[in-house]
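Listed here are the chains, written in short residue letters.
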Amino acid sequence: MSAETSLKPRIMTGYALCAIAESQIRAGELERALKSIRAIREMVAEMTALLNEPHQHFHSAIREAKDTLADLETRIKAVEAALPPNEYTL
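None of the values given here were measured: they were computed from a predicted structure. (Residues numbered from 1 in each chain as written. Predicted model: local features only at pLDDT ≥ 70, side-chain atom pairs only at ≥ 80, totals over all residues. Heavy atoms only, no water.)

With respect to the overall build of the protein
Part 1 of the reasoning: Helix and strand counts for the protein stand at three helices and zero strands.
Part 2 of the reasoning: Tracing the protein from N to C terminus, the helices and strands come up as α-α-α.
Part 3 of the reasoning: The buried share of the protein, reckoned over its 90 residues, is 31%.
Part 4 of the reasoning: The contacts of the protein with a sequence gap of at least 6 include a subset with a gap of at least 24, amounting to 77%. (Helix = DSSP H or I, 4+ residues; strand = E, 2+ residues; numbered from the N terminus. Buried < 20%, exposed > 50% of the residue type's maximum accessible area, 1.4 Å probe, protein only. Contact = heavy atoms within 4.5 Å.)

A few points about the packing of helix α2 (residues 30-52) against helix α3 (residues 59-81)
Part 1 of the reasoning: Close contact between α2 and α3 brings their axes to 11 Å; oriented N to C, the two are set at 160 degrees. Considered as vectors, α2 and α3 are oriented roughly antiparallel to each other. The hand of the α2/α3 crossing is left-handed. Along its contact with α2, which presents I37, I40, R41, V44, M47, T48, L51 and N52, the element α3 presents I62, A65, K66, L69, L72, E73, I76, K77, V79 and E80.
Part 2 of the reasoning: Residue composition of the contact of α2 with α3, grouped by class: 11 nonpolar, two polar and five charged. (Axes fitted to C-alpha atoms, helices over the stretch in contact; angles between N-to-C directions. Parallel < 35°, antiparallel > 145°, perpendicular 65-115°, else oblique. Left-handed = near helix turned anticlockwise from the far one by under 90°. Nonpolar A, V, L, I, M, F, W, Y, C, P; charged D, E, K, R; others polar.)

Regarding the side chain of Q24
Part 1 of the reasoning: Mapped onto the fold, Q24 is located in helix α1 (residues 3-26).
Part 2 of the reasoning: Judged by relative accessible area, which is 8%, Q24 ranks as buried.
Part 3 of the reasoning: Here A33 takes part through its backbone nitrogen, which lies 3.3 Å from a polar atom of the side chain of Q24.
Part 4 of the reasoning: One polar contact links Q24 to S36, side chain to side chain, over a distance of 2.8 Å.
Part 5 of the reasoning: Aside from chain neighbours lying at most four places away, what touches Q24 is E29, L30, R32, A33 and S36. (Polar contact = N/O pair within 3.5 Å; in protein donor to acceptor, adjacent residues only side chain to side chain.)

What to know about the confidence of the model for the protein
Part 1 of the reasoning: Per-residue confidence for the protein averages 85 on the pLDDT scale, and 83% of its residues sit at or above 70.
Part 2 of the reasoning: Predicted confidence in the protein is weakest over α1, with a mean pLDDT of 87, and strongest over α2, with 92. (pLDDT = per-residue confidence, 0-100.)

This is the structure in structure tokens:
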């Protein structure tokens, strides 16, 4: 199983949590949104550490997984940008 395949469910969960955080922001549930964002960030950190460990996987699979993770990072930043400025810190 490639790194990209084994990380795919986690990445999809990250996208789902981004959607949840956005809904929480729209509903004014900012503390819950922050909790969701923190959970996503922790998951991304774990996946990044996993990808940075020495592997016997194909380099192309690692590169593809890192690209997909970078796309998730961009999505997280968009969700964070929807938070009111200076009121909440991550």
